[in-house]
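# Observations on the model geometry
What follows is each chain in one-letter form.
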Amino acid sequence: MERHRPSRETWAAVFAAPFLLAALYPLQKHIDERTRSLQQQKEELVLNSGKLLEKLSLGYGSLLADIYWTRAVQYYGERVGLKGAQFDLLAPLLEISTTLDPHLLVAYRFGAIFLAEPPAVGAGRPDLAAALVRKGIAANPDEWSMWAQLGFLNYWYLKDYGKAAAAYIEGSKHRNALPWMKGMAAKIEEEGGSRQASRFLWSQIYETSQAPELRRNAKEHLQALAAEEDAEHLEKLAAEYHDRFGHYPSSERDLVAAGIIPGEPLDPAGFPYRFEAGGKVRLDPRSPIRSEVLQPAIHR
Amino acid sequence: MHTWVVAINTFREAVRDRVLYNLIFFSLLMMGAAVLVGGISIGIEHLVIVNLGLTAISIFGIVMAVFIGVGLVYKEIDKRTLYALLARPIRRWEFLTGKYAGLLLTLAVNTALMTVGLAMALLYVSHGFLRADFSILVAIYFILLELALITALALLFSCFCSPMISTILTIGLYIAGVFSSDIRSFGALTGSSLAGGITSALYYVLPNFHNFNVIAAAAHGEAIPAALIVQNTLYAMAYIALVLFPAAAIFSHRDLK
Amino acid sequence: MPHKAIEIDGLTKDYYTGFWRKRPHRALDGLTLQVENGEVFGFLGPNGAGKSTTLKLLMGLMFPTAGTARILGRSIEDVGMHKQIGYLPEQPYFYDYLTGRELLDYFARFFGYGPSERRERVDRFLERVGLSAAANIQLRKYSKGMLQRVGIAQAILHDPQVVFLDEPMSGLDPVGRREVRDIILDMRKHGRTVLFSTHILSDAEMLCDRVGVLLSGKLQGVGSPSEILDVRVQGMEILFELPPGRALPPDLAEQTTQTGSRLRVEVPEEELYAALERLHLRQARILSVTPIKATLEDYFFQLVGRENGEHHAVEISKE
């Protein structure tokens, strides 16, 4: 007959297990701290070459592309908004992703914006962004939206209106291109940069992007543009005030008291506008809106 | 007829060896991915699920084809289960093709079930199928062709090598077949016409597994040309025959001590 | 039937061992032999004599270096001939993930029976070898004896004309051996031919119409058991007990061995009754009187005329 009672060894294993497992947690934390102080966390990619990775992937490059894309998004998400954040690895990560999967359109779109955005929001390298988008155009000749990306890049970040218009025209020739491309090309030819075009283009990006980072970024730009428009309007009213009273208003309340505006307008982030000397309108220092035009004299 | 009897028994052996349990792991993987992918990559859920699913189907299948394939004949000789069987009115080549067909059947069933799992994950993530998803089925068909070819190679080696050597040879040939076009370009780069000639010949002799990989295209919903489907099928059939005939010849003349 | 059951002519098998082609090892040397229909033929010889090699050559598991063989008039290369023969391999091993019934069913499928006939045969032969109770247990749980029985079942379930059994008694207890013997005798009764190899002398004596003796790949002789083995009775063995206080007869004392209360003495055949008389005088209780036969080893000593202890010890069964 078998003994039904578990052996001594079994009991020992059962009792010891929870204690041993519990001991692992603090031990690991200590180890992590120690290793962190030992090595500088240098930002480096072990394998830099997209081509090499493609070979190593033994035909499974498509999945590896998705993995690198995910890494790129996480890399960006960890750093955006942090003071003094650098985005050195963003370009290589996107480069690898698009080498492994040349049809990964979302990667080109991401790079077209965030490689070009100035630091704290992006890598500040519109040249790298342009190179990436051109790669996207070459790999996806039927994709009109790549041309739209190139156009926008030239328009907003590089301020090269000639190239921007050319890109929009090229894109408009494609089968599925949206009808506004041609008109946009003409407008840019004529006027260069205009708030109307900018608002339209950023709205397009906001509506057609699915990556939350892209949407958030587009929204911020739209808010900034709206604030700039408000500010222009307010400055006109401040000039009116000056005509009437001989000096500029010191705050929005002055305008209300003068009956020029019915209430105190707030910027899209919910903060009142400030008046500086000479009737210039600026953002409240606490406002998160990023507008270079409207930055207050006092640095935040 | 006898081939079929052996095939069914080979399938039964695989099932009883709990080979199909890998499906549990696969379905956990797919379920986890389907649930998590939305949080990680918005907008490309469909792409990621198809990439992940097809890659997993391919890898699981290759592992199964190699590890069971190298033992198909070797095990029967080593354990001498073969002796009583061959005393029956069955020819040696019938036995061999029966083992082959049995493993293919196992792989086909396994892949079919995985396809269902992938379909369910896709439904969850995309709430429906597009016509473009037909490419996924083509990709899976190509994976099956690949597996049939790998199995044939493993079977060939199983006739005269130990499982360890067979594994190394089979996997080696697979990798060479994936890189065969690179081998040829490399030979052309060296500038030596001898190297170029050898690598070029190698290109046509090696089993070109890269022909069968359309995972990226299926993931992006691109259509796969019907001509390619026909050509790959013929290529696979020709190469498999090229492998199985010598296997049958070797096995038919082998002394079973 | 017009053809002999088995006709072997000059069958030879060489093995090449090691990496270089050294001188080949000749496992079977020019075996020539015929077995008649309805005969039970015993293949005798120590291990390594070439008995299993012969059977494997006949079954097409190995290919001869030279010579030919025909079974029921058909070449051994004719796979169709296998419909009429059965084979039990030495120390059989079967697919251990199958049950006994599943294995027999699988093997039966190669003969083209309909499902109900197949089922009936499987049940019948499971019964015949005494495995009905264990039919649904996986073979991996079978004992050696049970595997041997299922092996016999798979060899005969298609009613073959000729049956080849390689060491059919190995691994069986006395009951099992009797059952196998009965099966062989039953087959002979039905006019089937049986060729089996063994190194158990008494089985050969009891069952075979003829035996062939194989030594180092060469056939030493073929004939009826008594002809060939020429087993001379070497003497008689008496087992007895002495009442306490009684002594042994002095002339027998030297040849007597004692185990516990049991005494054993060997005497020449002619002196049997004299010895019994002397023991009787001492009030000895006679337990048994048995003839001592030459062992197979002794027999080979005679044949070959050389001392060798390498051959596997052979049993003599005193049943």
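Above this note sits the structure.
Residues numbered from 1 in each chain as written. Chains lettered and ligands numbered in written order. Predicted model: local features only at pLDDT ≥ 70, side-chain atom pairs only at ≥ 80, totals over all residues. Heavy atoms only, no water.

## Things to note about the sheet that holds strand S5 (residues 74-75) of chain C
Residues and elements named next belong to chain C. Taken in spatial order, the four strands line up as S2-S1-S4-S5 in an open sheet, and their pairing is antiparallel. Only two strands of the sheet have a single neighbouring strand rather than two, namely strand S2 (25-35) and S5. Pairing of strand S4 (residues 66-71) with S5 involves two bridges; the strand directions are antiparallel. Within S5, the residue paired with Arg70 across the bridge is Ser75. Against the sheet, helix H1 (residues 51-59) contacts strand S1 (6-15), S2 and S4, and its axis sits at roughly 110 degrees relative to S1. (Pairing = 2+ DSSP bridges. Helix = DSSP H or I, 4+ residues; strand = E, 2+ residues; numbered from the N terminus. Contact = heavy atoms within 4.5 Å. Axes fitted to C-alpha atoms, helices over the stretch in contact; angles between N-to-C directions.)

## As for the interface of chain C and chain B
Taken together, the contact between chain C and chain B spans 30 residues of the former and 27 residues of the latter. Of the roughly 2,800 Å² buried at the junction of chain C and chain B (both faces included), carbon and sulfur atoms supply 59%. For the chain C face of the interface with chain B, the top three residues by lost area are Leu61(C), Tyr97(C) and Phe110(C), together amounting to 26%. In this structure, the connection of chain C to chain B is made through two salt bridges. Between Glu102(C) and Arg16(B) there is a salt bridge whose closest N-O contact spans 2.6 Å. There are 16 residue pairs in polar contact (both at pLDDT 80 or more) connecting chain C and chain B. (Buried area = accessible area lost by both parts, 1.4 Å probe. Salt bridge = Lys/Arg side-chain N within 4 Å of Asp/Glu carboxyl O. Polar contact = N/O pair within 3.5 Å; in protein donor to acceptor, adjacent residues only side chain to side chain.)

## Some details on the sheet that holds strand S8 (residues 193-198) of chain C
Residue and element names in this part refer to chain C. Strand order in this open sheet of six strands is S6-S7-S8-S3-S9-S10, and the pairing throughout is mixed. With one partner strand each, in any of the chains shown, strand S6 (85-88) and strand S10 (218-223) form the two edges of the open sheet. Taking the axes of each pair of neighbouring strands and ignoring which way they run, one obtains an average angle of 15 degrees across the sheet. Pairing analysis gives four bridges linking S6 to strand S7 (residues 162-166), with the strands arranged parallel. Within S7, the residue paired with Leu88 across the bridge is Leu165. Contacting S6 and S7, helix H4 (residues 144-156) crosses the sheet at an angle of about 165 degrees to S6. Running at roughly 150 degrees to S8, helix H5 (residues 174-189) makes contact with strand S3 (40-44), S7 and S8 of the sheet.

## Concerning the interface of chain A and chain B
In many reports, interface size means the accessible area that the parts give up when they come together. Contacts between the two partners involve 15 residues from chain A and, on the opposite side, 24 residues from chain B. Carbon and sulfur atoms make up 63% of the area that chain A and chain B hide from each other, which totals about 1,600 Å². Here chain A and chain B share one salt bridge between them. The tally of links from chain A across to chain B stands at seven residue pairs in polar contact (both at pLDDT 80 or more). By residue class, the composition of the side of chain A that touches chain B is seven nonpolar, five polar and three charged. (Nonpolar A, V, L, I, M, F, W, Y, C, P; charged D, E, K, R; others polar.)

## As for unusual backbone geometry
Non-glycine residue Arg18(B) carries a positive phi angle of around 60 degrees. Its place among the elements puts Arg18(B) in the loop between helix H1 (2-16) and helix H2 (22-40).

## Let's talk about the layout of surface pockets
Residues and elements named next belong to chain A. Space inside the largest pocket adds up to approximately 1,200 Å³. Of all the elements in the fold, those that place two or more residues in the lining of the largest pocket are helix H7 (144-157), helix H10 (195-208) and helix H11 (212-245). The element best represented in the lining of the largest pocket is H11, accounting for nine residues. Grouping the constituent residues of the lining of the largest pocket by class yields 19 nonpolar, ten polar and eleven charged. (1 Å grid on protein atoms, 1.4 Å probe; cavity = no way out; pocket = protein on both sides within 12 Å on 5 of 7 lines; lining within 4 Å. Points joined across faces, edges and corners; volume = space filled by probe spheres on them.)

## Regarding helix H3 (residues 45-69) of chain B
Taking 1.5 Å as the rise per residue, H3(B) with 25 residues should run 36 Å; its terminal C-alpha atoms sit 35 Å apart, in good agreement. Counting buried positions along H3(B) gives 20 out of 25 residues, so the element sits mostly inside the fold. (Expected span 1.5 Å × (residues − 1). Buried < 20%, exposed > 50% of the residue type's maximum accessible area, 1.4 Å probe, protein only.)

## Considering the side chain of Arg149(C)
Residues and elements named next belong to chain C. With respect to the helices and strands, Arg149 occurs in helix H4. A polar contact of 3.1 Å, which involves the side chain of Arg149, links it to the side chain of Glu179. For Arg149, the residues in contact, after removing those within four places along its chain, are Val129, Gly130, Leu131, Leu172, Gly176 and Glu179.

## Some details on the nonpolar core
Formed by 223 residues in total, the largest nonpolar core has its most connected members in Leu90(A), Tyr168(A), Leu54(B) and Phe164(C). Broken down by element, this core gets its largest block of residues, 17 residues, from helix H7 (residues 134-158) of chain B. Ignoring any residue separated from it by four or fewer positions in sequence, one finds Leu54(B) in contact with Leu118(B), Ile136(B), Ala139(B), Ile140(B), Ile143(B), Ile215(B) and Ala218(B). One finds Ala231(A), Ala238(A), Tyr241(A) and Val281(A) within the second-largest nonpolar core, a separate group that totals 17 residues. (Core = buried A, V, L, I, M, F, W, Y, C linked by side-chain atoms within 4.5 Å.)

## Description of the state of the cysteines
Residue and element names in this part refer to chain B. Inspection of the entire model under this criterion finds zero disulfides over all chains. With no disulfide of its own, Cys159 has Cys161 as its nearest cysteine by sulfur position, at a separation of 9.4 Å. Cys159 gets classed as buried once you look at its relative accessible area, which sits at 0%. Residue classification places Cys161 among the buried residues on the basis of a relative accessible area of 11%. (Disulfide = S-S within 2.5 Å.)

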